[in-house]
There are 2 protein chains.
Amino acid sequence: MNNLKRLPLAFFKRSITTEFTKNKFKVQRGNYNYLDESHINFFRDLLGETRIIMDLSDLEKYNVDWFKQCRGSSGLVLKPKNTEEVSQILNFCNNNRLAVCPQGGNTGVVGGCTPVFDEIIISMELMDKVIDLDDTSGILVCQSGCILQNLNEYLESKNLIVPLDLGAKGSCQIGGNVSTNAGGIRLLRYGNLHGNILGLEVVTATGEIMNCMSTLKKDNTGYHLKHLFIGSEGTLGVVTKVAIQCPPKSKHVNVAFLGLENFDKVLETFKRAKQDLGEVLSAFEVLDSETMRFNKDKFQIESPIGNHPFYLLIETSGSNQQHDSEKLNGLLEKLLSEKCITNGTVATDEAKINSIWNIREITPQGYKMDEFVFCYDISVPLNHYYGIVDEIKSRMGNKAKRVFGYGHLGDANLHLQVAVNTYSQETRELLEPFLFERVRELNGSISAEHGMGFLKGKYLGLARPSSSLGLMKRLKRMFDPNGILNPYKVFPY
Amino acid sequence: MNNLKRLPLAFFKRSITTEFTKNKFKVQRGNYNYLDESHINFFRDLLGETRIIMDLSDLEKYNVDWFKQCRGSSGLVLKPKNTEEVSQILNFCNNNRLAVCPQGGNTGVVGGCTPVFDEIIISMELMDKVIDLDDTSGILVCQSGCILQNLNEYLESKNLIVPLDLGAKGSCQIGGNVSTNAGGIRLLRYGNLHGNILGLEVVTATGEIMNCMSTLKKDNTGYHLKHLFIGSEGTLGVVTKVAIQCPPKSKHVNVAFLGLENFDKVLETFKRAKQDLGEVLSAFEVLDSETMRFNKDKFQIESPIGNHPFYLLIETSGSNQQHDSEKLNGLLEKLLSEKCITNGTVATDEAKINSIWNIREITPQGYKMDEFVFCYDISVPLNHYYGIVDEIKSRMGNKAKRVFGYGHLGDANLHLQVAVNTYSQETRELLEPFLFERVRELNGSISAEHGMGFLKGKYLGLARPSSSLGLMKRLKRMFDPNGILNPYKVFPY
């Protein structure tokens, strides 16, 4: 997988105009100051004319989110080049009670990195330098604005990879990945960012530079502060530097694409794959038949193995092609002979591997072509994993054009989608909070890998017990007494 | 490795009387109340007569630490059976300003889990129940007092393992492992506890039960609070329940024991092992010749491959014996022919694997047999890893009986030991803070996997920059306003 160039996730067509978030969701502006000429002069003196954006048409791409669900009305984007500048910006904003919205690649899908009102956008795009790589230990230190795909290409030249791979990798930035605790495809193999991030440098709301840098796998000297910033979506601080443990690039990759009759067989195949593929299993992804129909309608992409109720994409990556193939083929032969899988194909060459991964990864690009798609990113314990899709199908009836599900089954992470002709608040209310309450009943998570952002923040009380919600609020007040950092996000607005 | 019964690390001989910590280190008692009859009556009513310990001889094993470096004078041990009791104990202690010392298996080596003065000891030993195991996903939920080895034996019967393995596993408890962010041998393969712990239940100083439980690999709903308790050594809360991701038990294990001429060849072998063994590499441990001489003197254990300046223990664990052996033997043949390694032996049967692991793991049992050993647990970037041992050798000259080093080289974690005839403050002062300052210069960590506890707390300012030290203090005040939780630990006393 590591050396593949998959299709980049392009920004969606700009033909659909996104309504202002503040109107669509009836949000009340917080008690912040309005930007005036003296503020702008300060930023102009600090950054120079070329690193502040105030032109309306240039601001558009920073004000509208990736899935075109949210739209802010920020009049100012700042582009710092180093930590000291980030510190000075935040110190000034805190002293002047100006709200800010830190922004990486702007590829979030829950409105976490776009402004809601006129927050000043701090874009990290110019902080994109690799600082150091130790290629014996595989430890990379870089600025937070590095684009994930660029980092991965740099590492591949040293036979290493980033332990993280997302559809948005061509645009998303490592600092944004850290701030949202991004998941993705490699999590099954390499674990989450809490395990892989070794150190962070973060600037808090008052402009204090918080040095939580370490480049050591084992370092137990005091509280493990960096974890507070991983996944707090820019509400506790702005990540400026990242140290990350990078595993060796696997020498060989195999991908199997399988058709199955029902979901019980999907689960059985997962158990068997864990047992038989063991340490070389690197992805275990599921698609339902409706996802495949969606892909066919939008992109004329068809299943290479005929039509089936479910499809699995199993990837191995390892150090010895012959060993990996033996393990994978041995498993598939057994599964076929036991009728656990109905049909399948295996790819070992790059072109075919790409085309199979494309089936799994192209779907989100179709979301805004001629309909509106409600996108949910949930975790559901495996015994209820697909049941929740069926429940939503039956709840929506003919009110939805289609309900479909796909996702990282190996991590119990499901992307559940509901397509309708046009967005309506009524449809949203039919889906939410019903879906989120149901997920909670099943001990799942209403946000597996995308965070709370703006869109899910109001359901925080559903996701978290009151004790931890109370602690979150105390931490927010402690780190950001004026509440200037990414307001209206994570917490209910 | 997973199915091996290694020698348990027994408590050291009790013949040496440990001086009281408060006298040895001249500590000032904090402003806490003294235990009186009314307090004892409260605890007696809550727990009953059998779950409080006040008898002096029974108190001994709770008051003295594993390495016999620290001794408290607690007059009361409480043994709660459930979270509600822990909550009531802490609430009462907080209201009455009584200091407490939470204690798991009391196997810490930096005096983190033994009292310094008369702190009430909360022993978690009766909270040892497994609550749930999902054997498809491998997610275990248990009380925090479960002994690591018991958990592992339970999991092995389901073809799973705990992603954690320590010399102290026969006594240490999972809650203590979490509270100290314990490292150990499996870290190289499965990563650290921040990556593997999915959820925690914790009681804070005021008795509030903090529910940070989740049994999901992907859950991004708000701040990731549990990480604050991982590695904070019982100073922010008492861990009562743990949810942990458990990997499948590897079907096959191989162990190679190698002799090498110099440390450059050790590093070269590490690079090659990462490349060639890839996903099946599960341990990469180093011992120097002095460690081997120590083992011979204390236990009459000899190297099975003759004498060499350095020894490596390389373990593979995987799903296919033939594949794993091919990879390992292929690597060793190349290394031998290139004279990178001088000699070696490979074990595939359990008895021989055990005896090889025993060489690496028996050393700490000899520390108190007839000399005093200063034990340091440090991380050092690999290019300086063994240089630091040579520096300490040359600094100590004939003031030390021997200086030796061994450790988890794959994680850059070195156990550096200095043996002397008897403990003296003068020798300690020759070693510290020189060693810790040198480690800091090399961008290492003064505590890789054992924490700060009491013994290293005073060097916190060396280990952490002022910004993060300041934040630690603010967090401590927020969680524990009266400072009753494990005082004199982590922070300088």
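Residues numbered from 1 in each chain as written. Chains lettered and ligands numbered in written order. Predicted model: local features only at pLDDT ≥ 70, side-chain atom pairs only at ≥ 80, totals over all residues. Heavy atoms only, no water.

A. Structural detail: the sheet that holds strand 10 (residues 252–260) of chain A. Residues and elements named next belong to chain A. The seven strands are arranged 13-10-12-11-15-16-14 in an open sheet whose pairing can be described as antiparallel. Edge positions in the sheet fall to strand 13 (343–347) and strand 14 (372–379), since each has one partner strand and no second. The average angle at which neighbouring strand axes cross in this sheet is 15°, direction not considered. Sheet topology note: the strand 10/strand 12 (residues 310–318) ladder contains nine bridges and is antiparallel. Residue pairing for strand 12: Val253 is matched across the bridge by Ser317. Across the sheet, helix 14 (residues 387–396) lies against strand 11 (281–288), strand 14, strand 15 (402–408) and strand 16 (413–420), angled at about 15° from strand 16, the strand it touches most. (Pairing = 2+ DSSP bridges. Helix = DSSP H or I, 4+ residues; strand = E, 2+ residues; numbered from the N terminus. Axes fitted to C-alpha atoms, helices over the stretch in contact; angles between N-to-C directions. Contact = heavy atoms within 4.5 Å.)

B. The arrangement of the UniProt feature "domain: FAD-binding oxidoreductase/transferase type 4 C-terminal" (unreviewed entry) in chain A in detail. Per the UniProt record, "domain: FAD-binding oxidoreductase/transferase type 4 C-terminal" (unreviewed entry) is found at residues 250–490 of chain A. Taken end to end, residues 250–490 of chain A is 41% helix and 22% strand, and its first and last C-alpha atoms sit 37 Å apart. (UniProt positions renumbered as here; feature names shortened; annotations may be inferred.)

C. Fine view of the sheet that holds strand 1 (residues 52–53) of chain B. Within the open sheet, the four strands sit side by side as 1-2-4-3 (chain B). Their pairing is mixed. Two strands in the sheet have a free side with no partner beyond their single neighbour: strand 1 and strand 3 (100–103) of chain B.

D. View of the relation of the copies chain A and chain B. Its rotation angle being 180°, the transformation that places chain A on chain B also includes 0.0 Å of axial translation and leaves an RMSD of 0.0 Å. A rotation of that kind, with that shift, is consistent with a two-fold axis. Every residue of chain A has its C-alpha some distance from the rotation axis, and the shortest such distance is that of Gly195 of chain A, at 2.0 Å. Here 99% of the contact residues of chain A are again contact residues in chain B; the copies associate through an equivalent surface. (Least-squares fit on C-alpha atoms with pLDDT ≥ 70 in both.)

E. Inspection of the nonpolar core at higher detail. Judged by nonpolar contacts, the single largest core of 274 residues is most densely connected at Leu475 of chain A together with Leu475 of chain B. In contact with Leu475 of chain B, not counting residues within four places along its chain, are Tyr223, Leu225, Leu228, Leu475 and Met478 of chain A together with Leu228 and Leu236 of chain B. The next biggest cluster of nonpolar side chains, apart from the first, holds 32 residues, and it includes Tyr32, Val203, Val238 and Leu485 of chain A. (Core = buried A, V, L, I, M, F, W, Y, C linked by side-chain atoms within 4.5 Å. Buried < 20%, exposed > 50% of the residue type's maximum accessible area, 1.4 Å probe, protein only.)

F. Here's a closer look at unusual backbone geometry. A cis amide bond links Glu432 of chain A with the next residue in sequence, Pro433 of chain A, at an omega value of 5°. Tracing the sequence through the fold places Pro433 of chain A in the loop between helix 15 (425–431) and helix 16 (434–441). With a phi angle near 70°, Tyr488 of chain A is a residue other than glycine that sits in the positive phi range. Secondary-structure assignment places Tyr488 of chain A in the segment after helix 18 (466–479). Of note in the backbone geometry, Asn181 of chain B takes a positive phi value of approximately 50° without being a glycine.

G. How the structure looks around the pattern of salt bridges. In this structure the tally under the stated criterion is 56 salt bridges over all chains. For Glu290 of chain B, the salt bridge goes to Arg402 of chain B, with nearest N and O atoms at 3.2 Å. Here the residue Glu290 of chain B occupies a position in helix 11 (residues 289–299), and Arg402 of chain B occupies one in strand 15 (residues 402–408), the gap between them amounting to 112 residues. Each member of the pair, Glu290 of chain B as well as Arg402 of chain B, carries the same accessibility label: buried. Overlapping salt bridges, with partners in common, bring together Lys217 and Lys218 of chain A together with Asp411 and Glu449 of chain B in one network. (Salt bridge = Lys/Arg side-chain N within 4 Å of Asp/Glu carboxyl O.)

H. Focus on the UniProt feature "domain: FAD linked oxidase N-terminal" (unreviewed entry) in chain A. The positions that UniProt labels "domain: FAD linked oxidase N-terminal" (unreviewed entry) are, in the present scheme, residues 76–212 of chain A. Annotated as residues 76–212 of chain A, this span is 27% helix and 23% strand, and its ends, taken at the C-alpha atoms, are 30 Å apart.

I. The packing of aromatic side chains, seen in detail. Counted under the stated rule, the structure contains 46 aromatic pairs over all chains. Here the aromatic rings of Phe294 of chain A and Phe404 of chain A are separated by 4.8 Å at their centres, their planes lie at 25°, and the arrangement is stacked. In this pair, Phe294 of chain A is assigned in helix 11 (residues 289–299) and Phe404 of chain A in strand 15, connecting sequence segments 110 residues apart. Considered together, Phe294 of chain A and Phe404 of chain A belong to a single accessibility category, that of buried residues. Where Phe117 of chain B meets Tyr488 of chain B, the ring centres are 5.3 Å apart and the plane angle is 55°; that geometry is what we call tilted. Separated by 371 residues along the polypeptide, Phe117 of chain B in the loop between strand 3 and strand 4 (120–123) and Tyr488 of chain B in the segment after helix 18 (466–479) bring together distant segments of the chain. We note that Phe117 of chain B, like Tyr488 of chain B, is buried. One aromatic cluster is present, formed by Trp66, Phe67, Phe294, Tyr367 and Phe404 of chain A through successive ring pairs. Here the guanidinium or amino end of Arg395 of chain A rests over the ring plane of Phe434 of chain A, the centre of that ring lying 4.0 Å away. Lying over the aromatic face of Tyr423 of chain B, Lys24 of chain B brings its terminal NZ or CZ to 4.7 Å of the ring centre. (Phe/Tyr/Trp six-rings, centres within 6.5 Å; stacked < 30°, edge-to-face > 60°. Lys NZ or Arg CZ within 6 Å of the ring centre and 35° of its normal.)

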